[in-house]
Amino acid sequence: HPRGFASFPRFLGRFIRERQILSREEGVRRITGLTADRYGLRTKGYIREGYDADLVLFDFERILDQATYADPFRPNEGIEMVFVSGQAAVVHNCPTGVCNGKVYRREC
């Protein structure tokens, strides 16, 4: 499905930038901190000392989903780098081979 890799770029590009349904800051908060808070991920969602350094460097003026039903893995526009636990995992749509991710379970 096209939203497998393109949900957030679609949200930021089409709904936040183009349609302006929310401010840029509120849009980013909804897909980062709010989501982490909702799922009880205490070291995710914010840029703070002691938190995991999971970051996406993107160009707000260019970010947009490119995936289609025929090509659901097509790279998104405007994403420059993805950092997982402080190490570059994707650079200009090319995976680096870094596998720092962890499985998190919701705390009760």
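Residues numbered from 1 in each chain as written. Predicted model: local features only at pLDDT ≥ 70, side-chain atom pairs only at ≥ 80, totals over all residues. Heavy atoms only, no water.

**Student:** What am I meant to see in the packing of aromatic side chains here?
**Tutor:** Aromatic ring pairs are reported here in terms of the distance separating the ring centres and the angle at which the planes meet. Across all of its chains, the model carries one aromatic pair by this definition. Centre to centre, the rings of F5 and F73 are 5.4 Å apart; their planes meet at 55°, and the pair counts as tilted. On the criterion of sequence distance, the pair formed by F5 in helix α1 (residues 3–18) and F73 in the loop between β1 (55–58) and β2 (79–84) is long-range, its members being 68 residues apart. The class of F5 is exposed, set by a relative accessible area of 53%. On the basis of relative accessible area, F73 is assigned to the exposed category, the value being 62%. Across from the ring centre of Y46, 4.2 Å away, lies the NZ or CZ of R48, which sits over that ring. (Phe/Tyr/Trp six-rings, centres within 6.5 Å; stacked < 30°, edge-to-face > 60°. Helix = DSSP H or I, 4+ residues; strand = E, 2+ residues; numbered from the N terminus. Buried < 20%, exposed > 50% of the residue type's maximum accessible area, 1.4 Å probe, protein only. Lys NZ or Arg CZ within 6 Å of the ring centre and 35° of its normal.)

**Student:** Just to check I follow, could you spell out the sheet that holds β2 for this structure?
**Tutor:** Picture the strands of a sheet paired through backbone hydrogen bonds; they go either parallel or antiparallel. With respect to topology, four strands assemble into an open sheet ordered β1-β2-β3-β4, the strand pairing being antiparallel. The two strands at the open ends of the sheet, each matched to only one other strand, are β1 and β4 (94–95). Note that strand β3 (residues 87–91) and β4 share two bridges and pair antiparallel. In the sheet register, V91 faces β4, and the bridge partner there is C94. (Pairing = 2+ DSSP bridges.)

**Student:** Which parts of the structure should I look at to understand the state of the cysteines?
**Tutor:** Cysteine pairs can be covalently joined through their sulfur atoms, and such a bond is termed a disulfide. As enumerated under the stated definition, the model contains zero disulfides in all. Free cysteine: C94, not disulfide-bonded; nearest cysteine sulfur from C99 at 15 Å. A relative accessible area of 46% means that C94 is categorised as partly exposed. C99 sits in the exposed class, given a relative accessible area of 73%. (Disulfide = S-S within 2.5 Å.)

**Student:** Looking at this structure, how should I read the nonpolar core?
**Tutor:** Side chains of a nonpolar character, in soluble globular proteins, are inclined to be buried together. One finds F11, L12, I16, I31, F60, I63 and I79 forming the largest nonpolar core, which totals seven residues. Examining the composition of this core, we find that three residues originate from one element, α1, more than from any other. In this structure I16 touches F11, I21, L22, S23, R24, G27 and F60, once residues within four positions along its chain are discounted. (Core = buried A, V, L, I, M, F, W, Y, C linked by side-chain atoms within 4.5 Å. Contact = heavy atoms within 4.5 Å.)

**Student:** Explanation requested: the environment of L22 in the structure shown.
**Tutor:** Within the secondary structure layout, L22 lies in the loop between α1 and α2 (24–31). With 10 residues separating them in the primary sequence, L22 and L12 have C-alpha atoms 9.6 Å apart. Among all residues touching L22, those that are not within four sequence positions of it are F11, I16, G27 and R30.

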